[in-house]
Structures are given as structure tokens and as C-alpha cells.
Amino acid sequence: MGYPHKTHPRETAILSKHFGDSEARSLDGWKQRGGYRALEQALSTPPAEIVDAVKASGLRGRGGAGFPTGMKWSFMKPGDGKPHYLCCNADESEPGTFKDREIMRWTPHALVEGCAIGAHAIGAETAYVYIRGEFQEPIDQMESAVSEAYAAGILGANAMGSGKRVDVHVHKGAGAYICGEETALMESLEGKRGNPRIKPPFPAVSGLFAKPTTINNVETLVAVPHILTNGAEWYKAMSLSNPKSTGTKLFSVCGNVSRPGTYEVVLGFPFKDFLYDLCGGPQAGRKFKAVIPGGASVPIQTMEEAEATLMDYEGFVAQGTMLGSGGIIVFDDHQSMPRMIARLARFFAHESCGQCTQCREGTAWTTKILERIVAGQGTFEDLDTLLEIADNMTGKTICVLSDSCAVPVVSGLQKFRHEFEALITGRRSSTVAMGGKPSAGGSALTTGAGV
Amino acid sequence: MTTPMVNLTIEGRPISVPAGTSILEAAKVAGVLIPHYCYHPGLPVAGVCRMCLVDVENAPKLMPSCATSVAEGQVVHVHNDKSLDARKGVLELLLINHPLDCPICDQSGECELQDYTFQEGRADSRYREPKRFNPVEDFGGDVMYVPNRCILCTRCVRFMDDVHGDPVLAVAERGDRAVITTAPDAGLTQAWAGNVVDLCPVGALLSKDFLNKARAWELDRSASVCTGCSQGCNIVVETRDNAVVRLKPRANEAVNGHFMCDEGRLNYRWLNRMDRLVAPMAGGGETEWDLATAAVAATFAGKKAHVVANPSLSNEVFFLLGRIVAKAGGAIHFAVPQGSEAPLPGVEDLSLRADRAANATGAELLGALRSDHPYAGVSGGHLLVLVDVEPSAVPAAALSAAGAVVFIGTADPSKLGRLAAALPIANVVESDGTITNLRGRVQRFLQAKAAPGHARPAWYALADVLIALGEKADYHSASEVFSALAAAKPPFAGMSFDSLGLKGTDVAGAVAGASR
Amino acid sequence: MSAHETVPYTPVFVGKRKLDLDAILLRYPTKQAALLPALWIVQEARGWVSEAGVTEVAAALELSAAYVKGVLTFYTMYHQHPVGKYFIQVCTTSPCLCAGADKVAEAFLRHTGCNELGVTSPDGKYTVIEVECLGACGFATPVQINADTVENVTADTVPQILAGLK
């Protein structure tokens, strides 16, 4: 549903059906709504069958990469004599993305159930739910759901009387976007700095505590009980465009739209209808200018591109961007794109772990140049330099944070170069409200250390 | 079990290396140096500096050569445009916040950032923003940290953690605010901590001892062996104006890996001591070498030799002393100073040894007698021959009991009182020779500076004494003495300076693979 | 690095907090994995993590103090210095910035008397910082006050929110 708004008739509310319904949070409430039947069924099903069902459903990772979930699970070799781990990536930090927050706030038991099924499917006894530290309310909801589930015997040494051990633990992060990168998440869980690891080895070979590990996004895991209950065919049938993109997807929408919120549609939904119909279009008197459709790390779309997009993994790629995390940021004609892009660059500079040279230095340099341009001190050479730095930051580092910082810079300069040039030549677009500074107080603090 | 070999091509050169070798190490075999910062053969791979990215044909992206294993049929380009552009990019980024203070930086001349920038970096910088600044910090021990020059390669952090086993260094903060940090009250005072200065590829970690002392290009460098203990770490002796100014470890996987301890590293001032014996003496005054040598030989008449020798002296010296006592009768004695043992946990069988002398093993193999009381038993029938012992450490009782005393050494012997003769010799960095470490590794040291005054290499002085005693000893170099030793002493059989090279060879009977 | 205490440090891991830590340790195969939770316990007890706190955590988990300091300073939610009674974090990342988050941050600075980001108000009550994406972008501008997230904050509602804290 379009939480905090009512479900739009064109939505397909499966995962989000109970958003806003506080009674769904408790174990009793969740059971009344059909909760834990899928887990009970799963615990008496051989793991391989669950993996096959998820494979057949076409479910792909909802965290950003879109890797087929069933295939990822099949990398976990049963009977290798090693402990296996499931990590649930609930470090939702991609700017524009807040869907997992709603899942955990309103339906924490759905995630407990998804984790337990996932753990069983990959031969793990332990699942860790790594939740970003700022999400205190989701953490509280998850902790209370976990303790209810233990008290009811759903989790523990004999999960739902199956004789199988399933433990789920909530692990609180402490302020680091990069821990949403799966190997950084594992490092952080191990009590280390959140530095991404070099791959290979891949997590399924040597992951958390050097043991075979699978990392799944919150939304991915909560989709699994529905697949088991309703069947892979049912899930697979939900596809409006490309058959490789199946099921429903939560899209969180923010920025300059009339009705920001979390919407659930079947993949392949027309983006134009989504923006103007479901989200209510632009605010009164404004026009949409640009969209970042998959969290801050994907290329910016012009409205022409956005309106031609079908909302699935392939559809976004066809229009020059990516589905990513499904965090849609909409900018209207009152926004300065250089200012928005400068602020995104600052975000990435702040969040870079600092391991790789290109990212550590490149994100900070990019930010300084962009902030100088926004302050009216830019030169045309700066634009060339920005593109060269971006090139230097792309495809050369351990993880893709560096690439992510380059993406809005490159796509922004490609599609909104005139706005940068206007700032350099001193001309101001009359419709663009210019801040003198990129944001309150300047950059010293947010690019500085924690206070 | 043999590791299968993998064939690949690096910069057009076909090579074959064992499976599991990194591209970076394989390139060394092919004679290609892939520029790198965070990689070090003595440390776990970090893969963070991104300097060693290379173009591997059919790979979607440039690959970090330090963290990528070779594969059959791989074709690797190190110097094509794609790889070179990536390195140029890294160099530019490493320099944007760098103070560019080479003229006042100790690392200048031996700085990998300077070298690679000179070789293939941009001639200018496009950086127009303020540079970040962090104050210089004293890291304790001999180490100073200049964060503005730091490239966050984390070699120092990994050394202290993975090799030293005492993780007192860490990266603090993140992103471009990241710096190396220590915990309060936990400085780099560990026995091997000074290695972080050598490991640092730039001027961020500096030796306080060496600070502002010399420019790297003014130094002369000679391969040598540390005489601080019986480990025999391979070192480079660095001199300026005929004075030793710095010791650095020289890699030898069989002995010391890439490291040396701080005690050995900082214990070099005695090599420059000014209170040296600089001229031969006999009859109470300075004289010519021939006369002094003849005086020594004459003093042997009717007496047995009681030789007390410094156990850091070379194999050649002990061999020649052995020949002298064989002729004159008597024995060679030595005592080994003791200290506390300080292992480096991350390297097998590497330790600052309790035996604080370099060649006790060689001395014993060559017939000298180890004892806690080397002067015991000196009597009027003895000629006491002191070979490079510290004059102040010679017991007065032994001096007065001896029938006569001859001093062959480096230090000014005037404290010893009445001497029949004194022969000035070169110290370890003033001559060539070999020493044998506690595991039986025979290793060469090379002359690094000139001996003062009339001092001669000890083998030279002792060979002349032998000749004066009527023996045949026409050696013209330390190498010839060693060859004679090798011919005469079975543990050393077949060895020569050439066969030892600069990494040494184990004596016969040493346990294979346990030569450190 | 973390500052020193103004009052003598007393151990955090005693009584219930020790039991809490022991229970957390059971969740992981290594002691080190409990580092983030242990630092949280210290911060919840003391409001920030001092050098002595680092040393205590290091000893409890058999880690070096430098290691703990490296981890502590990586994560921005741990306070390396004391902060105001109300720690106010205003999200100003682009999705919120385009909805006017900079005005919200300015309003907080003005109405709390902090005037400057990161500086605690003279009465010790407030510290205001900008924070990177709080993950509540649909409720711009979200503001985190201690552990609570306040949604849909505008410059106009700031005085009312502050009044509610008093």
C-alpha cells in the first residue's frame, strides 16, 4: 500500500498489506493474518525443495543488484560440515529508500518468518538481522518480535516443534552506509570497521566468520513466505513486462511529489502512471524535472526517460538507469540539479570507508569541486575535471561506492549540463531556487567525524 | 607434493609460475615491476591502494595484481594505456592532499610516491581546493607519524597486527578523514616496531633517530649482517662520510624475512666510535705493522696462548686464531653476553636472541670454547691474547696473572696497562667476512666504510702473525681465508664467498629448513 | 580520539549491564563480534564513549584499545565527546534537502541556541548536527532526537517540537 496513504487501486499490496495496521505487529495479530503458516510448512520441507520453489518463482534480490534469490541460495552446499549463516541486510541507507523500514516497523514477524525460512533453506541455524543504528523503532519492533517468537517456540532449539534449530538475532549498526554492502556488513557484524572485502572469496564460500553465508535484503526475505504459501507459479505470473522480472516490488517515493510513500506494484508497471497517478504527480504549480529511480547510486533520468520506463529490472536499464533499491527520488523544476548532486556527492564522501584511494580521495575532491560550483566559484575546466575524476573512480575499487558517487555526477553533467554552466557563467535560471550553500552550515561537519 | 605450474604472458613475456602465485609476484619473475603501495610480500594482502591494477585480457575490469592469482593462458598488460591511466589516476589522487614537501621530507629519494610520480605521474595537479591537515604525532619508540603524507596503505597496521601480534596501530575515522592512530599510552615500543618505518612506502612514518640526519641519495649502502644477536638478520649498512648513519633490514626469507629488531637497528653508534686503536703498538709505543707483528710472534715463545675473543668476530678470525693456538698451544675462549629473548610472532623462528653475539655458533664449530668465565685459569705461563674484547671488561686479575698480554682489537687499549703488543683491526663494517648464525647459516658481511688510521682487517693481521710464527698463510683477501677454512673444516665444506652469495648457506648438518 | 572524562571513570560492565553483555556474547562465535553492541551499552550508560570506555570494552572483549578506537571512530553514531541532553540529527541528504531540510536545520540551530552545527548549546541541553540519509525520506524532513525519529518536520514546527522536549 502507499503507506502512509491508502492503498491505490492499481497497487498490488502483498508485502505492504498490513502497513499502518498496528495489530499486525504482535505475534497474535500476525498469526491471525496468516503468519508463520509458511514457516511451519517450510520446516517440514526439504531445503532443496524450498530453493527450487524460490528459483521457479523468479524472485530476484530486492536490495539493488537483482540477483536471482533461488540461485544465490543454491550456492550454499548442504552437508559440507560447516556452520552456515544467513544475514538479513536491513541496513537500508541508500538515499531515497525507506521500504524495509516500513516492513520492519509494521510487519516485524514477516521478517522473522522470512529469515527462519531462509535459514532453513540454506542449511543455517543462525540468522542475523543487521539493522542500521538510526532505525530505533524498527529495531525495537524486530527485537520484540524475535523475543515473542522465541517465547512461543517458533525460534530456538526446536523451531515450531520441527526438531530443527533456528536462531534469529538482531544486530544494531552504528551509522555507516557502507555496511549495506554485503561484505562490509559481514565485517561490521564481526566487530570490525565496515570495510568491504575483496571478492573472491564470495560469501557462499567464505562469508560471515569465514563460513558459508548468504546475505538477503529484507524485502526479498519477506516475499518468500508468500511464494511458499501461494506457489511459485502464482508469483511468477505477476509480471507486467519482462518475464525475468516477477512479483511485486516495494517502491519508496520521496522528494517533490504530492504523495510520498511506499507503494507496491507488480514489476513492469508503467513509471509514468506510477508517478502521476499513484504518487499524485508534482506538487501544485510545479513540474517534475528529474528522477533518480533506484536510490542515489543509479543514473539520473530526465522526465522523458522516466515517463517511457516500465518499472522492472530490464525496463529501468532500457531507459539508461537501474531499478536499484527501488528508492525513487523526484526533483521538480524548483530544484537546482547541481546543488542536489553536490549534496549526494557529499553523502558519498561522508560514507566512503576510505580503504581505496580512488574512493577516499575522489569522493571528497568531487564534493569540493561541486560545492565550489554551487557557490558560484566554478570554472568550465572543473566540469572536465569532474568527468575525469568520475572515470577514475569507476570500476577500479573494491566495492561500488566510488562508482556510485560518480554516477549522479556523470549523468547529471550529461543531462543537466546547462545548469552547471549557468552557475559558472553567473546566470541564474529564474525557476531554480538557489541556495548560497549546499546546505545549512557548510560541509565541515557532515564530512567530518562523528560528534 | 608439487604445486602445478601455470603458464601466462606478462608484458609479452611468457612465464611459468606455481599455481596460486599473484600476478604481481609472477610479474617479478618476468622482470616486470608492477607499481604498488599496500602490497608487501611480508604482509597479508589488503588490495586497497589500487595502484597495482593491471589489464588482464578478457577480464571485465582492471584487476588488482596483488590479489589476483595467475591463471593458465592469462595475458597481462602492465604498461598499456588502460593500466597506465589508472595508475596516473591513483597518483594524482594520492597527491591532492599531500603537502608536496619533498625538500624537507626524510623519505625523499627513497619514496615510492615520489618515484612513481616521477616515472609515470602527471606533471601538474588539477587540485584547486584547500588541503586537509593533521598534526604530526609521536607514535612512541623510534617512530614519528606525519599524517599529511600518509597514503593509508595500512602496511604499518597490518605489520603490528598480523606480524607483531600486538595491534597497537589502527585506522581511525573513515573516508578522507581516515588517519593511522595508536591507543593512548600504547606507543610503538615493541621489540620489532621500528619495521613500520621501513614498510611505510612514503614519508608518513619516520625514524626519530634518523630524522634530518641525511638525504637518501647521499648514503652509501652495503650488504651486511647484524651482529646484535645470534639470529644474524640480513641488513644494509648505510653510511655517509664514512660514518654509519642507519641500518635497515635486507630481505632473506631463510633468516629474517623482511625485518630486523629495534635493538639491532638502533645499535650502530659503536661502529663509529672515536676511541679506536689506530696504530700498531709494541714496546710501549706506536710502531710499524711489521715490528708489532714480530713482537706478537716473539711473545708466544715459551708460553701457551690463552685467547679471549669477541664472539661476534668472523669465522675467518676464529679459523686463523685456531691455527695460531694449534701452533702455539692453548685455547680460544669466549663468553656470550645475554639479554632477553624477543620473538617476532608472525615470522617463523625469528627472534631477538638471548645470545647477544653474532658468531658463537661459528666460533664453536671452529674449536673455540664457550664459557661464562673466559679468563679463568690465566697464569704466568700464558700469553693472554685479547681479540676485540672491550678493554674495560677485562678483569684486572687476569691481566696481572698473565705472563704477557697482546691486544688485537678495535678499541683504545690504554686502560689495559702493560701490553706486549697491540694490533689495530677493522670492525665488522670495515671489513669483509662471514659469520654463522645460531641455526648454522653462514652469511657474508661486506665492507661498508674505511677503517681508521692504520687498522687492518683482522684476518690480515692474524695471517701476518701466522707467517711470523713460521706458518704458511699467504692470504690476500677474506675470501681466500674463507676458502681455506672451507677446505679445512668439514661443516663448511664446499663453501666459498661466491657460493654463499648474499643470502648465505647452511653448514653441513644443519636441519634443512630450520636455518633461521 | 575520545576525550577524557571530567569525573573519575567507573566501569560500565557491572551488574545488569555485565549480564546484558554476557547474553549478547552468546549470540556470536567470537567475542569480537560483540564489539558494536558493547560500545552501544557504554554509550547508553554514559552518553558517549570515552578513552576509558574504549579501554574497558577492549579488555572485556580481549581486543586492543587501538583496534577498538579504530572501530569506534568508523561509526558516526558513537559519540567521541559528550553531547547535549538532546542530540538532534537533521537529515539533509538530497531527498530531504529538496524538501527544505536546510531550513529545518537552521531552525533547530536558531531555536536551540546552538547556532553552530556540532556545538552543544550553552545550557548543555542540545547538540544539533546534520546527518546523512535517515532512511525516512518519504517523511521529509525526518529528525532524530536521541533514539526517536520525528517525521515531517518543517522549519515552522521546530519550536513546537523543542517545547515538547522541555
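Residues numbered from 1 in each chain as written. Chains lettered and ligands numbered in written order. Predicted model: local features only at pLDDT ≥ 70, side-chain atom pairs only at ≥ 80, totals over all residues. Heavy atoms only, no water.

A word on the overall build of chain C. Within chain C, the regular secondary structure consists of seven helices and four strands. Mapped from its N terminus to its C terminus, chain C presents α and β elements in the order α-α-α-α-β-α-α-β-β-β-α. Over its C-alpha atoms, taken along the principal directions, chain C stretches across nearly 50 × 35 × 25 Å. Looking at chain C residue by residue over its 166 residues, the buried ones come to 57%. By sequence separation, contacts in chain C at least 24 residues apart represent 63% of the contacts at least 6 residues apart. Of the roughly 6,300 Å² of accessible surface on chain C, 55% is carried by carbon and sulfur atoms. One way to put it: in chain C the 12 positive side-chain charges average out to a point 6 Å from where the 16 negative ones average out. (Helix = DSSP H or I, 4+ residues; strand = E, 2+ residues; numbered from the N terminus. Buried < 20%, exposed > 50% of the residue type's maximum accessible area, 1.4 Å probe, protein only. Contact = heavy atoms within 4.5 Å. Areas by Shrake-Rupley, 256 points an atom, 1.4 Å probe, with all protein chains shown as cover. Lys, Arg positive; Asp, Glu negative; His and termini not counted. Charge placed at Lys NZ, Arg CZ, Asp CG, Glu CD.)

Right, let's talk about the interface of chain A and chain C for a bit. Interface size is commonly expressed as the accessible area that is lost once the parts come together. Tallying the contact residues gives 65 residues for chain A and 51 residues for chain C. Together chain A and chain C conceal approximately 4,500 Å² of surface at their shared face, both sides included; 60% is due to carbon and sulfur atoms. There are six salt bridges connecting chain A and chain C. Viewed at the interface, chain C and chain A are joined by 25 residue pairs in polar contact (both at pLDDT 80 or more). For the side of chain A that touches chain C, the secondary-structure elements that each account for two or more residues are α5 (99–106), β2 (124–131), β3 (167–172), α8 (182–189), β5 (248–255), β11 (327–332) and α14 (337–351) of chain A. When residues of the side of chain A that touches chain C are assigned to their parent elements, the largest contribution, eight residues, is made by α14 of chain A. Here the residues of the side of chain A that touches chain C sort into 29 nonpolar, 22 polar and 14 charged. (Buried area = accessible area lost by both parts, 1.4 Å probe. Salt bridge = Lys/Arg side-chain N within 4 Å of Asp/Glu carboxyl O. Polar contact = N/O pair within 3.5 Å; in protein donor to acceptor, adjacent residues only side chain to side chain. Nonpolar A, V, L, I, M, F, W, Y, C, P; charged D, E, K, R; others polar.)

We now examine the environment of N427 of chain B. Residues and elements named next belong to chain B. Structurally, the position occupied by N427 is in the loop between β23 (421–424) and β24 (433–436). Residues in contact with N427, not counting those within four places in the same chain, are L271, R276 and T410. A distance of 3.0 Å separates a polar side-chain atom of N427 from the backbone nitrogen of V429.

All names here are of chain B. Pairing of strand β1 (residues 5–10) with strand β2 (residues 13–18), which is carried by six bridges, proceeds in the antiparallel orientation. Pairing of I10 across the sheet is with R13, part of β2. The hairpin turn running from β1 into β2, its antiparallel successor, is two residues long, and E11 in that turn takes a positive phi close to 50°. (Pairing = 2+ DSSP bridges.)

Let us look at the interface of chain B and chain A. Between chain B and chain A, the residue contacts involve 32 residues of the former and 33 residues of the latter. Sorting the residues of chain B by area buried against chain A places L93, R126 and R174 of chain B first, and these three jointly supply 25% of that buried surface. Close ionic contact of E351 of chain A with R174 of chain B constitutes a salt bridge, the shortest N to O distance being 2.8 Å. Joining chain B to chain A, the criterion identifies 20 residue pairs in polar contact (both at pLDDT 80 or more). Breaking the side of chain B that touches chain A down by element, the ones donating at least two residues are α2 (81–96) and β8 (169–172) of chain B. Sort the elements by how many residues they give to the side of chain B that touches chain A and α2 of chain B lands first, with seven residues. Grouping the amino acids of the side of chain B that touches chain A by side-chain chemistry returns 17 nonpolar, four polar and 11 charged.

Attention now goes to the sheet that holds strand β11 (residues 220–225) of chain B. All names here are of chain B. Spatial strand order, β11-β12-β13: three strands in an open sheet with antiparallel pairing. Either end of the sheet is taken by a strand with one partner, and the two such strands are β11 and β13 (243–249). Strand-to-strand twist in this sheet, taken as the mean axis angle between neighbours without regard to direction, amounts to 30°. As defined by bridge partners, β11 adjoins strand β12 (residues 234–240) across six bridges and the pair is classed as antiparallel. Its bridge partner lying in β12, V225 is registered against N234. (Axes fitted to C-alpha atoms, helices over the stretch in contact; angles between N-to-C directions.)

It is worth spelling out the domain arrangement of chain C at this point. The domain architecture assigned to chain C consists of domain 1 (15–74) and domain 2 (86–163). One C-alpha centre belongs to domain 1 of chain C, the other to domain 2 of chain C, and the line joining them spans 29 Å. (Domains from an automatic or database assignment.)

With that settled, consider the pairing of β24 of chain B. Successive residues of a regular strand alternate their side chains across the two faces of the sheet. All names here are of chain B. Because side chains alternate across β24, one face comprises the buried residues G433 and I435, and the other comprises T434 and T436, equally buried. Note: β24 against strand β25 (residues 441–445), four bridges, orientation antiparallel. The residue bridging G433 from the neighbouring strand is F445, located in β25. The turn joining β24 and β25, which pair antiparallel and follow one another in sequence, is formed by four residues; a positive phi near 90° is taken by G440.

To continue, consider the pattern of salt bridges. Applying the stated criterion across every chain, the model contains 74 salt bridges over all chains. The shortest N-O distance in the salt bridge between R286 of chain A and D332 of chain A comes to 2.7 Å. Highlighted residues: R286 of chain A in the loop between α11 (271–278) and β8 (288–292) and D332 of chain A in strand β11, separated in sequence by 46 residues. Classification of D332 of chain A by relative accessible area gives buried; the value is 0%. Residue R149 of chain B pairs with D101 of chain B through a salt bridge whose shortest N-O separation is 2.8 Å. Of the two residues, R149 of chain B sits in the loop between β7 (143–145) and α4 (155–163) while D101 of chain B sits in the loop between α2 and α3 (112–120), which places them 48 residues apart along the sequence.

Our next topic: the confidence of the model for chain C. In the predicted model, chain C carries a mean pLDDT of 95, and the fraction of residues at 70 or more is 98%. Confidence metrics for the complex model read pTM 0.95 and ipTM 0.96. (pLDDT = per-residue confidence, 0-100.)

Right, let's talk about unusual backbone geometry for a bit. Backbone torsion omega between Y3 of chain A and P4 of chain A reads 10°, so that peptide bond is classified as cis. In this structure, P4 of chain A sits in the segment before α1 (27–32). The linkage connecting P200 of chain A with the following residue, P201 of chain A, adopts the cis geometry, with an omega of 5°. Its identity is not glycine, yet T154 of chain B carries a phi of approximately 65°, on the positive side. On the basis of relative accessibility, which here comes to 16%, the residue T154 of chain B falls in the buried class.

Turning our eyes to something else, we now look at the packing of α2 of chain B against α3 of chain B. How two helices pack is summed up by the angle between their axes together with the distance between the axes. All names here are of chain B. One can describe the packing of α2 onto α3 by two numbers: an axis separation of 10 Å at closest approach and a directional angle of 130°. The pairing of α2 with α3 is recorded here as oblique in orientation. Considering the relative orientation of α2 and α3, their crossing is left-handed. Contacts between α2 and α3 pair L84, R87, K88, L91, L94 and L95 from the former with L113, Y116, T117 and E120 from the latter. (Parallel < 35°, antiparallel > 145°, perpendicular 65-115°, else oblique. Left-handed = near helix turned anticlockwise from the far one by under 90°.)

With that settled, consider α8 of chain A. Of all eight residues in α8 of chain A, eight are buried, a share of seventy percent or more. A positive backbone phi angle near 85° is found at G191 of chain A, which sits one or two residues after α8 of chain A.

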